[in-house]
Amino acid sequence: MSDYKYHNRNPVGARISDCVSRAISEATGLSYKTVNRLLAQVAEIHGCEKLCVCCYKHLLSHFLGYKKYNCKSGTLVSDVIRDFSDCTVIIRIQGHLTCAKNGVLLDTWDCSDREVDCFWIV
């Protein structure tokens, strides 16, 4: 298991479905508000919803230039965090985006036992 620390990057501490904005903001150091504006711009350009997978993939891979790594079946969040413990990583699991920094999962819940689809090293 990886280290987990409760962290809510939402500027007012709201517990809402904003994992995309929280994870990208935490990992990149960009403000939550800036990430939301960037997602809205990417969504407008690509004709998609700002929190959908295609939108944040464009933002992370094309706009911010982070390389996307696909995972083999059975790879867990804790595996990615362990293997990249000296990095900041944005990790995608089904229906959720999370962030880990220097081996610590930073999120509103501990998803370390969930299977990873892909991730980006910041």
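Report follows, based on the coordinates. Everything numeric in this text was worked out from a predicted model, so none of it was measured.

Conventions adopted
- Residues numbered from 1 in each chain as written.
- Predicted model: local features only at pLDDT ≥ 70, side-chain atom pairs only at ≥ 80, totals over all residues.
- Heavy atoms only, no water.
- Helix = DSSP H or I, 4+ residues; strand = E, 2+ residues; numbered from the N terminus.
- Rg over C-alpha atoms; globule rule 2.2 N^0.38 Å.
- Buried < 20%, exposed > 50% of the residue type's maximum accessible area, 1.4 Å probe, protein only.
- Phe/Tyr/Trp six-rings, centres within 6.5 Å; stacked < 30°, edge-to-face > 60°.

**Regarding the overall build of the protein chain**
In step 1: The number of helices and strands found in the protein chain is four helices and six strands.
In step 2: Its helices and strands in sequence order give the protein chain the pattern β-α-α-α-β-α-β-β-β-β, from N to C terminus.
In step 3: Over its C-alpha trace the protein chain gives a radius of gyration of 13 Å, about what one expects of a compact globule, namely 14 Å for 122 residues.
In step 4: Over its C-alpha atoms, taken along the principal directions, the protein chain stretches across nearly 40 × 30 × 25 Å.
In step 5: Among the 122 residues that make up the protein chain, the fraction classed as buried is 46%.

**Looking at the packing of aromatic side chains**
In step 1: Enumeration according to the criterion identifies three aromatic pairs in this entry.
In step 2: Relative to F119, the ring of Y69 lies with its centre 5.2 Å away and its plane at 15°, an arrangement referred to as stacked. One end of the pair, Y69, is in strand β2 (residues 68-70); the other, F119, is in strand β6 (residues 116-121), with 50 residues separating them in the sequence.
In step 3: Classification of Y69 by relative accessible area gives partly exposed; the value is 29%.
In step 4: Given a relative accessible area of 6%, F119 falls into the buried group.
In step 5: Following the ring pairs from residue to residue traces out a cluster consisting of Y69, F84 and F119.

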